[in-house]
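Each chain, letter by letter, is given below.
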Amino acid sequence: MQANNRLNMMKETIIIGAGPAGIAAGLCCGDSGVVIEGSNRPGGLCQSINIGGAIFDIGGHSFHTPHHIVREMIFSTVPMFEQKRDARCFVDGQLIPYPFQKNFHFLDEAVKIECEAGLRESSSGQDARNYAEFIRSKFGSGISDKFMLPYNKKLWGANLERLSCDWVHERVASPKGEKEAIMINGNRAPLTEDQIVAYPETGGFEEIFLTLAQRLPNISLADQVVRIDAKSKVLYRTGGMPIKYQNIISTIPLPQLLKCIDGIPSDVLLDVEKGLDALAMKIVFLVVNYPVNTNIQRIYVADPDVPFHKLVVNHNSSNYLRALPNQGLIAEVSLTPEMKLTDEELKEAVISSLLHLNLITSKSDVSHAEIMHLKYGYPVPTHKREKIITRIRDWLAERKIFLVGRFSEWAYINSDEAMYRGIRLATDLNKF
């Protein structure tokens, strides 16, 4: 996929970034658009890597979506493997089904009584002023103290009061005995115990986006955007001549985009730099030199003595990966203020935790351990986020620059939702 000579001509739409949102938008734009990607391969945060013969994704990925158009786009192009999701919570030395708030009855009687007593005193959580209040209000003291609060503090940091509640209906499952809210208009609903998930039949999760990117009529890789003259509607890049455009769709992190645009008001820049919070991550990749004896795909851990909040048993994502002689485990570690371990200390702590979880029998079972530092792991849904994003989105839209994607919109969304928003935005722009 080399840069097309026609890129030097006028394009109706330039899409910056070849992640899920950018590829989906580019496919909708067809020959009237061009996708420009700064790295030498498409996929964005959905890229995969091979370490020691094991295949890893950058964090845990699987495909599930409420959007039929996204499912059709992928399943009509990429051979996919489907299976029931098997996720667990590690609590008191036990692996119980996920989510905790529906399955605490698998624990001993004292915990069960405590959690049920808390639920009797709980409410809807609708009046909560922040995420910490929501957890206590929705689940009561038992579930909150046993799992929900310690887990979320590992993920987001100790100060859960800084998080709003406008995202919880799509991410946080209701407690045992309460039906999930019916989602309308194709919105995401929390994952259920009987969730069916998909993954490419061969290779890693990136196979979806490598295959879709091959259908793009115009894509330029290893091509950095260096400047955007929004007044003259000209984009300057490292990979060739400037390109004139009618619209820009940006899928790259918002701070990165704004540094390229001429004439951004200083107070708007300051809002973004100081007001938007991103959660950096360390992703620990571990290669085990034999098939790990479990069918579990995800393990969520609240225990403060275990450094990661989530462990992905990546070889259970497909039968192809299960058949590989070397297996991949992925530990996600949030770089919260409370996380003080060095890389070497973190590797040692993660491997020791695998012993504690009975996933390996000896530290020598791990043949490789590598760490990737991820500056943009999760956008933090703070109280300021919506106001800041609305202001900058309006300013950019007046100049025909549009935002879509996880860190472009600063929205806690998955790859399928990013694709759907890319499709919808490109379709709307093509109408005019």
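As shown above, the structure is provided for reference.
A brief report on the enclosed structure follows. Fair warning: this is a prediction, and the values are worked out from it, not measured in the lab.

**Comments concerning the layout of surface pockets**
Then, number 1: What the second largest pocket holds in volume is close to 380 Å³.
Then, number 2: Together, 18 residues line the second largest pocket, and Arg 385, Ala 411, Tyr 412, Ile 413 and Arg 421 are the ones closest to its centre.
Then, number 3: The set of elements that each furnish at least two residues to the lining of the second largest pocket consists of helix H6 (168-171) and helix H12 (385-397).
Then, number 4: At five residues, H12 tops the list of elements feeding residues into the lining of the second largest pocket.
Then, number 5: Class assignment for the residues of the lining of the second largest pocket results in eight nonpolar, two polar and eight charged.

**Side note on the sheet that holds strand S14 (residues 298-301)**
Then, number 1: Within the open sheet, the seven strands sit side by side as S7-S6-S14-S15-S16-S13-S17. Their pairing is mixed. Because the sheet does not close on itself, it has two edges, and the strands there are strand S7 (94-97) and strand S17 (366-379). With direction set aside, neighbouring strand axes in the sheet form an average angle of 25 degrees.
Then, number 2: Pairing geometry for strand S6 (residues 87-91) and S14, over four bridges, is parallel. Within S14, the position partnered with Phe 90 by the bridge is Val 301.
Then, number 3: Lying over the sheet, helix H5 (residues 131-156) contacts S6, strand S13 (278-288), S14, strand S16 (327-334) and S17, oriented at roughly 100 degrees with respect to S14.
Then, number 4: Contacts from helix H11 (residues 343-356) reach S6, S13, strand S15 (310-313), S16 and S17, with the element oriented near 110 degrees to S17.

**Brief notes about the packing of helix H1 (residues 20-29) against helix H14 (residues 415-430)**
Then, number 1: Direction vectors running N to C along H1 and H14 enclose 30 degrees, while the axes themselves pass 7 Å from each other. At the point where H1 passes H14, the crossing takes the right-handed sense. Facing H1, whose interface residues are Pro 20, Ala 21, Ala 24, Ala 25, Cys 28 and Cys 29, H14 presents Ser 415, Ala 418, Met 419, Gly 422, Ile 423, Ala 426, Thr 427 and Asn 430.
Then, number 2: Among the residues forming the contact of H1 with H14, the class breakdown is ten nonpolar, four polar and no charged.

**Points about empty space enclosed by the protein**
Then, number 1: All told, the structure shown has two cavities of 30 Å³ or more when counted by the stated rule.
Then, number 2: Approximately 80 Å³ is the volume attributed to the largest cavity.
Then, number 3: Lining the largest cavity, in full, are His 61, Ser 62, Gln 83, Arg 85, Val 197, Ala 198, Tyr 199, Gln 297, Arg 298, Asn 316 and Ser 317.
Then, number 4: Of the residues forming the lining of the largest cavity, the biggest block, three residues, is contributed by strand S8 (residues 196-200).
Then, number 5: There is about 30 Å³ of room inside the second largest cavity.

What counts, and at which threshold
Numbers given to residues run from 1 along each chain, matching the order in which its sequence is written. A pLDDT threshold of at least 70 governs which residues receive local features in this predicted model, and a stricter bar of 80 or more applies before side-chain atom pairs are shown or counted, although totals over entire chains, interfaces and linings include all residues. The side-chain quantities take in all heavy atoms of the structure and omit both hydrogens and water. A pocket here means an open set of points on a 1 Å grid, computed over the protein atoms alone, that has protein on both sides within 12 Å along at least five of seven lines. A cavity is instead a set of points where a 1.4 Å probe fits but cannot get out; residues with an atom within 4 Å of a point line either one. Grid points are joined across faces, edges and corners, and a volume is the space filled by probe spheres set on the points. A run of H or I in DSSP becomes a helix once it reaches four residues, and a run of E becomes a strand once it reaches two; helices and strands are each numbered from the N terminus. Under the scheme applied here, ten amino acids are nonpolar (Ala, Val, Leu, Ile, Met, Phe, Trp, Tyr, Cys and Pro), four are charged (Asp, Glu, Lys and Arg), and all others, including Gly, are polar. Pairing between strands is defined by DSSP: at least two bridges between the two strands are required. Angles run from 0 to 180 degrees between N-to-C directions of axes, and those axes are lines fitted to C-alpha atoms, restricted for helices to the stretch in contact. Every residue pair with non-hydrogen atoms within 4.5 Å of one another is taken to be in contact. Take the far helix as your reference; a near helix turned counterclockwise from it by less than a right angle gives a left-handed crossing, and one turned clockwise gives a right-handed crossing.

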